[in-house]
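Summary of structural features
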Amino acid sequence: MAKGNKSKAEMLKLIHELQVRQAELETLNKELNLEKEKALINITGLEKAEEALAQEQYLMLTLLDNLPDHIYFKDRESRFIKINKAMAQFHGLNDPEQAIGKTDADFFTNEHAQQALRDELTIIRTDRLLSIEEKETHHDRPDTWVSTIKLPMRDKNGNIIGTFGISRNITERKQADMILQKSEERFKNISTSISDLLYSCVTDANGVYYFDWIYGACEEITGFTNEELIAMNCWGKLVIDEDFPVFKKHILDVKPGLSDICQLRIKNKKGHIIWIQASSKCVKQKGSESCFLFGGIIDITEKKHIEKALFESEEKYRLLIDNANESIVVAQDGLLKFINPMTLVLMEGYSEQELIGRPFPEFIHPDDQNMVVESYRRWIANDEVQKQYTFRVVTREGVIKWVEINATMIEWHGKPATLNFLTDITGRKQAEEEIKLKNIELQKRNAEKDKFFSIIAHDLRNPFMGFLGLTQLLDEELPGLTPSETQNIATNLRNSATNQYRLLENLLQWSRMEQGLVPFNPAVVKLRPIVDESITTALESAKIKGIEITVNIPDHMQIFADSNILQTIIRNLISNAVKFTPKGGNVNLSAISTGEKNVEISVEDSGIGMSRAMVDGLFRLDVKSSRSGTEGESSTGLGLIICKDLVEKHGGELLVESEEGKGSNFRFTLPSLI
């Protein structure tokens, strides 16, 4: 506002000078006319008057063209008669003469032009000066703010012939004022919505603090209004004598750049003593020895009354404390100062004498000591800290117990301390761990169930293909078959049905084993008979595709395995090999002793093979690795995942070697000895 008044004063002074110049020009003009009448008498005087008039006109034009303010003259219809260069440049005109005859509507929006017209008509009608701050709205640029003075323009006879105005651009100041106003409103809204008292003090030349501003719950806390407290210069006058040293140390004597906090008593307007918690931060003004003191005050009277009532009435609450269901501990200076009987139950094995006076970190689990000590330090320092958290304590016998702590600051024998409530949550922690394990087990069971159904869907489908092939042959060729051929097909159907039944039995047995219903019973068995029995389910499919299956396994070779599970592994690998081998190909099943008490079984085919990416995703449930066989046979990709799990159950490992167009080799190991 001060800047705006100064700007208006300067503009009024400039207008006055212009009016003086105008009056001087009119006087000179009159003198010139007189001189012209006396031209025959004194031609020399006339020439001098004309020269003086020209000089005055030059000075006035120079003044107009070099002022940064916008200066303009209008007729009674608010049409421009003359403007200065600054105004012409602002409106994008090459020559001020281009504005002659135009109105504000040619340069501003209709709204602003109409307002300007109303103002100028009022000036002409009332013969009064107008001084305003106005917003100019434009068609093609942001709005601008100007400080404007307009007044009537007269002819030499004193008649009003139009208006004269001068406008100074104050956009930057106006924008700054609006930003400041919004900031103050925002701060005021925030401060009035909190229950604290916020203040700012500044030092005078003698280093004495006095109030700069106050916001918040001033009257609620002190009983004084903001104005009454500001008149006191500093709220230290409210501090009782006993606590003034605390106020001086923690508030007045805070060094620049530092902050502090304290609790003390003040006397409110009614003379009542109340407890407050006060904070302060000292900030030094740049380029000055003065300092700002920013702070806040919170009424903690109720809290102090509760603390005082609790600890001054120790006998009254002793029964409550002694019979509490949770451990109550007072810690001060890092030492245990008080414990209740439940603490001895929590810390079984220790006596009260062994605990009192000892550093409390000694009884905390080593992995939790730093966390608890740091939390205690922050509590004592009045820093922000989590009030409730969990950690472990260790009894005399080394038993680890989980506790949950709730802590608060108190005064114990005149010094800061922490009052801690410890609840034994060991049982809860154990229950949570059991629930966690149960959830893991449940997830595992659900996954096994899903996998089991996938196995059934995968392993039962392939044998049925051969079975259906035989039934189709009977259906289509029965009249032309000889009794011998019919008998052969019937035998194959019986064998296929038998194998399918055996496969289903094996799957059900494996499912029961996974659920822990059937024990995993590996034994020393001969490998060759198991292999021969396992491949029978794939022989019919291989025969239809013209694929030769060869077995190179010594008759005497023994392994240590569950025969039922091993059959499932071999059936899956042989079935896959036939499925992904084109007509006329071959599948070889072999086994060798590795010399490390293991046997390596290999199923190798001359099929279509796999890419590196497909091999990498074979044993992952989250990666789609299934594809159709060479004759369109369906596949889910789950069979190989099952094989891998079953091989690992035996302590073995399933490996794959494959190359696109060159076939695949699946190898797995089994122990050969117990």
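Residues numbered from 1 in each chain as written. Predicted model: local features only at pLDDT ≥ 70, side-chain atom pairs only at ≥ 80, totals over all residues. Heavy atoms only, no water.

1. Regarding the overall build of the protein chain
Helix and strand counts for the protein chain come out as 19 helices and 22 strands. Looking at the protein chain as a whole, 40% of its 674 residues are labelled buried. Split by element, the accessible area of the protein chain, about 38200 Å² in all, is 52% carbon and sulfur. (Helix = DSSP H or I, 4+ residues; strand = E, 2+ residues; numbered from the N terminus. Buried < 20%, exposed > 50% of the residue type's maximum accessible area, 1.4 Å probe, protein only. Areas by Shrake-Rupley, 256 points an atom, 1.4 Å probe, with all protein chains shown as cover.)

2. A word on the packing of aromatic side chains
Evaluation of the coordinates by the stated rule reveals 8 aromatic pairs. A ring pair is formed by Tyr 72 and Phe 80, whose centres lie 6.2 Å apart and whose planes are at 85°; its orientation type is edge-to-face. Centroid distance Tyr 350 to Phe 363: 5.2 Å. Interplanar angle 85°. Geometry classified as edge-to-face. Note that Tyr 350 is positioned in the loop between α11 (341-346) and α12 (352-355) and Phe 363 in the loop between α12 and α13 (369-380), a separation of 13 residues in sequence. (Phe/Tyr/Trp six-rings, centres within 6.5 Å; stacked < 30°, edge-to-face > 60°.)

3. Some thoughts on helix α8 (residues 244-252)
Taken together, the buried positions of α8 are occupied by Phe 247, His 250 and Ile 251. For α8, the angular spread of the buried residues around the axis is 95°, confining them to a single face. Exposed residues pointing more than 90 degrees away from the buried face of α8 are listed as Pro 245 and Lys 249. Against the buried residues of α8 lie β6 (197-203), β8 (259-267), β9 (273-284) and β10 (291-299). (Arc of directions from axis to C-beta. Contact = heavy atoms within 4.5 Å.)

4. Some details on the side chain of Asn 84
Positionally, Asn 84 belongs in the loop between β2 (80-83) and α3 (85-90). Reaching out from Asn 84, the side chain makes a polar contact with the backbone nitrogen of Met 87 at a distance of 3.2 Å. With sequence-adjacent residues up to four places away left out, Asn 84 is seen in contact with Leu 64, Asp 65, Leu 67, Asp 69, His 70, Ile 71 and Pro 96. (Polar contact = N/O pair within 3.5 Å; in protein donor to acceptor, adjacent residues only side chain to side chain.)

5. A few points about the sheet that holds strand β15 (residues 415-424)
Spatial ordering of the open sheet is given by β12-β11-β15-β14-β13, a layout of 5 strands whose pairing is antiparallel. At either end of the open sheet lies a strand with only one pairing partner, and these are β12 (335-339) and β13 (388-394). Across this sheet, the average inter-strand angle for adjacent strands is 40°, counted without regard to direction. The sheet contact formed by strand β11 (residues 327-332) and β15 spans 5 bridges and is antiparallel. Note on β15: the bridge partner recorded for Ile 328 is Phe 421. (Pairing = 2+ DSSP bridges. Axes fitted to C-alpha atoms, helices over the stretch in contact; angles between N-to-C directions.)

6. Description of the pattern of salt bridges
What the rule picks out here adds up to 26 salt bridges. Here Asp 177 makes a salt bridge to Arg 173, at a shortest N to O gap of 3.3 Å. Here Asp 177 and its partner Arg 173 are both found in helix α5 (residues 171-192), 4 residues apart, which amounts to about one turn of the helix. You can call Asp 177 partly exposed: its relative accessible area is 32%. Asp 368 serves as the salt-bridge partner of Arg 392, at 3.0 Å between the closest nitrogen and oxygen. Placement of Arg 392 in strand β13 and of Asp 368 in the loop between α12 and α13 is noted, with a sequence separation of 24 residues between them. (Salt bridge = Lys/Arg side-chain N within 4 Å of Asp/Glu carboxyl O.)

7. Observations concerning the pairing of strand β1 (residues 70-75)
Across the 6 residues that make up β1, a large majority, 6, are buried. Of the two faces of β1, the one lined by His 70, Tyr 72 and Lys 74 and the one lined by Ile 71, Phe 73 and Asp 75 are each fully buried. For β1 and strand β5 (residues 160-169), the ladder comprises 6 bridges, and the chain directions are antiparallel. From the neighbouring strand, Ile 71 faces β5, where its bridge partner is Ile 166. As defined by bridge partners, β1 adjoins β2 across 3 bridges and the pair is classed as antiparallel.

8. Brief notes about the nonpolar core
With 40 residues, the main nonpolar core has Leu 527, Ile 574, Leu 589 and Phe 668 as its most contacted residues. Take this core: its biggest share by element is 8 residues, from helix α17 (residues 563-579). What Phe 668 contacts, discounting residues up to four positions off in sequence, is Leu 566, Ile 569, Ile 570, Leu 573, Val 599, Glu 600, Ile 601, Val 647, Glu 653 and Leu 654. Counting residues in hydrophobic clusters, the runner-up holds 29 residues, among them Ala 217, Trp 235, Leu 264 and Cys 291. (Core = buried A, V, L, I, M, F, W, Y, C linked by side-chain atoms within 4.5 Å.)

9. A closer look at the packing of helix α16 (residues 527-545) against α17
One can describe the packing of α16 onto α17 by two numbers: an axis separation of 9 Å at closest approach and a directional angle of 25°. With respect to α17, the axis of α16 lies roughly parallel. By crossing handedness, the relation of α16 to α17 is classed as right-handed. Of the residues in α17, those in contact with Leu 527, Ile 530, Val 531, Glu 533, Ser 534, Ile 535, Thr 537, Ala 538, Ser 541, Ala 542 and Lys 545 of α16 are Ser 563, Leu 566, Gln 567, Ile 570, Arg 571, Ile 574, Val 578 and Lys 579. Here the contact of α16 with α17 is built from residues that sort into 10 nonpolar, 5 polar and 4 charged. (Parallel < 35°, antiparallel > 145°, perpendicular 65-115°, else oblique. Left-handed = near helix turned anticlockwise from the far one by under 90°. Nonpolar A, V, L, I, M, F, W, Y, C, P; charged D, E, K, R; others polar.)

10. Digging into the environment of Gln 175
Examined against the element boundaries, Gln 175 turns out to sit in helix α5. What makes Gln 175 partly exposed here is its relative accessible area of 40%. It is 9.6 Å that separates the C-alpha atoms of Gln 175 and Thr 144, two residues lying 31 residues apart in sequence.

11. Quick notes on the sheet that holds β8
Backbone hydrogen bonds are what pair the strands of a sheet, in a parallel or an antiparallel way. Spatial strand order, β7-β6-β10-β9-β8: 5 strands in an open sheet with antiparallel pairing. Both edges of this open sheet fall to β7 (209-216) and β8, since each of them pairs with a single strand only. Sheet twist, expressed as the average angle between the axes of neighbouring strands with direction ignored, equals 25°. Of the strands in this sheet, β6, β7, β8, β9 and β10 touch α8, which is tilted by about 150° from β8.

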